[in-house]
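# Inside the fold
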Amino acid sequence: MNRTYGYCRVSSKNQNLEKQLFVMKEAGVDERFLFTEKESGKSFSDRPQYQILKNALRSGDTLYV
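In what follows, the accompanying structure is described. (Residues numbered from 1 in each chain as written. Predicted model: local features only at pLDDT ≥ 70, side-chain atom pairs only at ≥ 80, totals over all residues. Heavy atoms only, no water.)

### So, the packing of aromatic side chains
Enumeration over the complete set of coordinates arrives at three aromatic pairs. Between tyrosine 7 and tyrosine 50, the aromatic rings sit 5.7 Å apart at their centres with planes inclined by 70°, giving edge-to-face as the arrangement. With a gap of 43 residues between them, tyrosine 7 in strand E1 (residues 4-10) and tyrosine 50 in helix H2 (residues 48-56) connect regions that are remote in the sequence. Note on tyrosine 50: relative accessible area 22%, which makes it partly exposed. (Phe/Tyr/Trp six-rings, centres within 6.5 Å; stacked < 30°, edge-to-face > 60°. Helix = DSSP H or I, 4+ residues; strand = E, 2+ residues; numbered from the N terminus. Buried < 20%, exposed > 50% of the residue type's maximum accessible area, 1.4 Å probe, protein only.)

Here is the structure:
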């Protein structure tokens with residue numbers, strides 16, 4: 001079963017994810033498969049939600065960023 005995932009990120013805790021979340025919902029991303037972070041863009045290894053998402057993805061899935 002193919003799933004649609006979404007990944008939203010802002011680089012600081014005081015920035016807002018609302019616009020990105022709106023677009024993801026409009027694209028049909030279920031909240032169960034939506035990953036969000038407020039982390040610096042410096043290193044992917046420092047993004048825990050990205051790491052979880054990366055491990056969840058399977059061939060045939062769709063990812064919106």
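From this point, things continue past the structure.
### Structural notes on the pairing of E1
Counting buried positions along E1 gives five out of seven residues, so the element sits mostly inside the fold. As paired elements, E1 and strand E3 (residues 62-64) share three bridges and run parallel to each other. Residue pairing in the sheet places tyrosine 5 in a bridge with leucine 63 of E3. Where E1 lies against strand E2 (residues 34-38), five bridges are found, and the strand directions are parallel. (Pairing = 2+ DSSP bridges.)

### Digging into the side chain of glutamate 37
Mapped onto the elements, glutamate 37 comes out in strand E2. For the buried glutamate 37, which has no salt bridge, the nearest side chain bearing the opposite charge is arginine 47, at an N-O separation of 5.1 Å. Among the polar contacts made by the side chain of glutamate 37, one reaches the main-chain amide nitrogen of glutamine 49 at a distance of 2.5 Å. Leave out the neighbours within four places in its chain, and glutamate 37 touches Tyr7, Cys8, Arg9, Val10, Leu17, Arg47, Pro48, Gln49 and Tyr50. (Lys, Arg positive; Asp, Glu negative; His and termini not counted. Salt bridge = Lys/Arg side-chain N within 4 Å of Asp/Glu carboxyl O. Polar contact = N/O pair within 3.5 Å; in protein donor to acceptor, adjacent residues only side chain to side chain. Contact = heavy atoms within 4.5 Å.)

### A look at the nonpolar core
Nonpolar side chains tend to gather and get buried jointly when the protein is soluble and globular. Cys8, Val10, Leu17, Leu21, Met24, Val29 and Leu34 form the largest nonpolar core, which has seven residues in total. Elements supplying a minimum of two residues to this core: E1 and helix H1 (18-26). Apart from the residues within four sequence positions on either side, valine 10 is in contact with Gln15, Asn16, Leu17, Gln20, Glu37, Lys38 and Glu39. Tyr5, Tyr7, Phe33 and Leu53 belong to the second largest nonpolar core, which has five residues in total. (Core = buried A, V, L, I, M, F, W, Y, C linked by side-chain atoms within 4.5 Å.)

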